[in-house]
Amino acid sequence: MELLFIQSQEHPLLPQAELKAVMECENINANIEVITEGLVLLTDISKENVCDYYRILTKRLGYTHEVHELILKTNVNDFDKDMDSINWGEYIDESFAVRVKRFHSDIDTVGYERQAGTLILENCSDIKVNLTKPKTLIRIAAYENEFYVAIERIKLNKKHFEDSKPHKRPFFYPGSMSPKLARCMVNLSRVKEGDLLLDPFCGTGGILIEAGLIGCKVLGSDIFWKMKNGTAINLEHYGITDYRTFNLDVRELKMYEKVAAVVTDPPYGISTTTGDVDGDEIIKEFLESIYDNMKDDAYLCMASPHFIDLKPMVDEVGFEIVEQYGIKMHRSLTRIISVIRKKL
């Protein structure tokens, strides 16, 4: 069986990297086929695993907009014939809508939605079209002259990433990371439900919120009391109860329980405060402090500005960089997302 992913095109690499990381930590046995940027297939999924994989991926992914179970692949010439060959009564319950999304294709989107809807209605009885609140969504992704026809079994909660933007939280402070990027970084750390995740520069708690929502136990610390307190307020607001927060300098960090992942956005630059320590120095001291507080197989995912060279600091402490991705923020700043682990 196959799953069809419609991914964000905000970044050319992060959506696929996030998917690979979740597949790795959740032991999802399948192959990734990239059709084009923003359109990906997960192939060779066994029938007994497809429901579990579908549930896990829709719960976790940030840079994916939709996940669908693939019904058929066809093309412009065979579209009518192949659509008519499907027993749509097996897929549609009471009402449905067809939505077409184009990727490098000049097909008539509305025309194919109507055409597909007519073919489905002619194929089975006791169903109707409902364009506002359909019980079944049939998604057709058109790439050039090819069509990928799929059904939405589980809906991603895309509304969460809008509703949890930093300025909409009970406690707000400028410079907070977007929830979508925070979720992606949590996923890049390969953390699993029930694992302990630490953010030692927790700020307003954005990273911890995303980790808590996928079922992690979360731990946050910050050198400033108002950030530690604000993080707790925000976590409670989103229904996250398995957490601890501390007012602590990262250089004094000594964990009773080693963590399964560290995900953080250390302070740097003009708009943030670092307790009178410059950006390079705080990151170096952070790496030294965190090393012995992490399990041997734990991952660290962190953001840093392009003008800080992480590699010599990482090498000196005993870590290694696994992967890195640049995000252009504005003309003078590119944010680097680094995935790091202890040297094997």
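Treat the numbers as computed from the prediction; the structure is a model and nothing was measured.

## With respect to the overall build of the protein
If you tally the helices and strands in the protein, you get ten helices and 15 strands. Here the C-alpha atoms of the protein give a radius of gyration of 23 Å, agreeing with the 20 Å that 2.2 N^0.38 yields for 344 residues. Taken along the three principal axes of its C-alpha coordinates, the protein extends 70 × 40 × 35 Å. The 344 residues of the protein split such that 56% are buried. Of all intrachain contacts in the protein linking residues separated by at least 6 positions in sequence, the fraction that spans at least 24 positions is 72%. Per element, the accessible surface of the protein, about 16,100 Å² overall, is 46% carbon and sulfur.

## Side note on the packing of helix α6 (residues 179-188) against helix α7 (residues 206-213)
Relative orientation of the contacting elements α6 and α7 amounts to 60 degrees, with a least axis distance of 8 Å. Accordingly, the angle class assigned to the pair α6 and α7 is oblique. For the pair α6 and α7, the sense of crossing is right-handed. From α6, Pro-179, Ala-182, Arg-183 and Val-186 reach across to α7, where they touch Gly-206, Ile-207, Glu-210, Ala-211 and Leu-213. Along the lines of polarity and charge, the residues of the contact of α6 with α7 split into six nonpolar, one polar and two charged.

## Looking at the sheet that holds strand β11 (residues 243-247)
Spatial ordering of the open sheet is given by β11-β10-β9-β12-β13-β15-β14, a layout of seven strands whose pairing is mixed. One side of each edge strand has no neighbouring strand; the edge strands of this open sheet are β11 and β14 (319-330). On average, adjacent strands in this sheet sit at an angle of 15 degrees to one another, irrespective of strand direction. Two elements, strand β12 (residues 259-264) and strand β13 (residues 294-305), share five bridges in a ladder whose sense is parallel. Each residue of the ladder has a partner; that of Ala-261, found in β13, is Tyr-299. Across the face of the sheet, α6 comes into contact with β9 (196-199), β12, β13, β14 and β15 (333-342) while running at roughly 25 degrees to β15.

## Focus on the pattern of salt bridges
Taken as a whole and assessed by the stated rule, the structure comprises 25 salt bridges. For Glu-94, the salt bridge identified is with Lys-135, shortest N-O distance 3.8 Å. Here Glu-94 is found in the loop between α3 (79-84) and β5 (95-103), whereas its partner Lys-135 is found in the loop between β6 (128-129) and β7 (136-143), with 41 residues between them in sequence. The residue Glu-316 makes a salt bridge to Lys-284 at a minimum N-O spacing of 3.7 Å. With Glu-316 in helix α10 (residues 310-317) and Lys-284 in helix α9 (residues 279-291), the pair connects residues that are 32 residues apart, well separated along the chain. We classify Glu-316 as exposed; its relative accessible area is 56%.

## Things to note about a nonpolar patch on the surface
On the surface, a nonpolar cluster with roughly 250 Å² of combined accessible area is contributed by Leu-121, Val-129 and Leu-131. Its location among the elements puts Leu-131 in the loop between β6 and β7. Judged by its relative accessible area of 54%, Leu-131 is exposed.

## Focus on the confidence of the model for the protein
Residues of the protein with pLDDT of at least 70 account for 97%, and the chain-wide mean is 94. Ignoring residues within four places in sequence, the model shows residues 270-276, a span with pLDDT below 50, making eight contacts including any to other chains.

## Description of the pairing of β7
In terms of residue burial, β7 counts as a mostly covered element, since eight of its eight residues are buried. Across the two faces of β7 the burial is the same, with Thr-136, Ile-138, Ile-140 and Ala-142 and Leu-137, Arg-139, Ala-141 and Tyr-143 all buried. Bridge count for β5 against β7 is eight bridges, and the pairing is parallel. Across the sheet, the residue bridging to Phe-103 is Tyr-143, located in β7. Strand direction decides the pairing type here: β7 and strand β8 (residues 146-151), joined by six bridges, are antiparallel. Residue pairing in the sheet places Tyr-143 in a bridge with Glu-146 of β8. Between β7 and the antiparallel strand that follows it, β8, lie two residues; Glu-144 among them carries a positive phi value of about 55 degrees.

Scoring rules and cut-offs
- Residues numbered from 1 in each chain as written.
- Predicted model: local features only at pLDDT ≥ 70, side-chain atom pairs only at ≥ 80, totals over all residues.
- Heavy atoms only, no water.
- Helix = DSSP H or I, 4+ residues; strand = E, 2+ residues; numbered from the N terminus.
- Rg over C-alpha atoms; globule rule 2.2 N^0.38 Å.
- Buried < 20%, exposed > 50% of the residue type's maximum accessible area, 1.4 Å probe, protein only.
- Contact = heavy atoms within 4.5 Å.
- Areas by Shrake-Rupley, 256 points an atom, 1.4 Å probe, with all protein chains shown as cover.
- Axes fitted to C-alpha atoms, helices over the stretch in contact; angles between N-to-C directions.
- Parallel < 35°, antiparallel > 145°, perpendicular 65-115°, else oblique.
- Left-handed = near helix turned anticlockwise from the far one by under 90°.
- Nonpolar A, V, L, I, M, F, W, Y, C, P; charged D, E, K, R; others polar.
- Pairing = 2+ DSSP bridges.
- Salt bridge = Lys/Arg side-chain N within 4 Å of Asp/Glu carboxyl O.
- Patch = residues over 30% accessible without salt bridge, like charges linked within 9 Å, V, L, I, M, F, W, Y side chains within 5 Å.
- pLDDT = per-residue confidence, 0-100.

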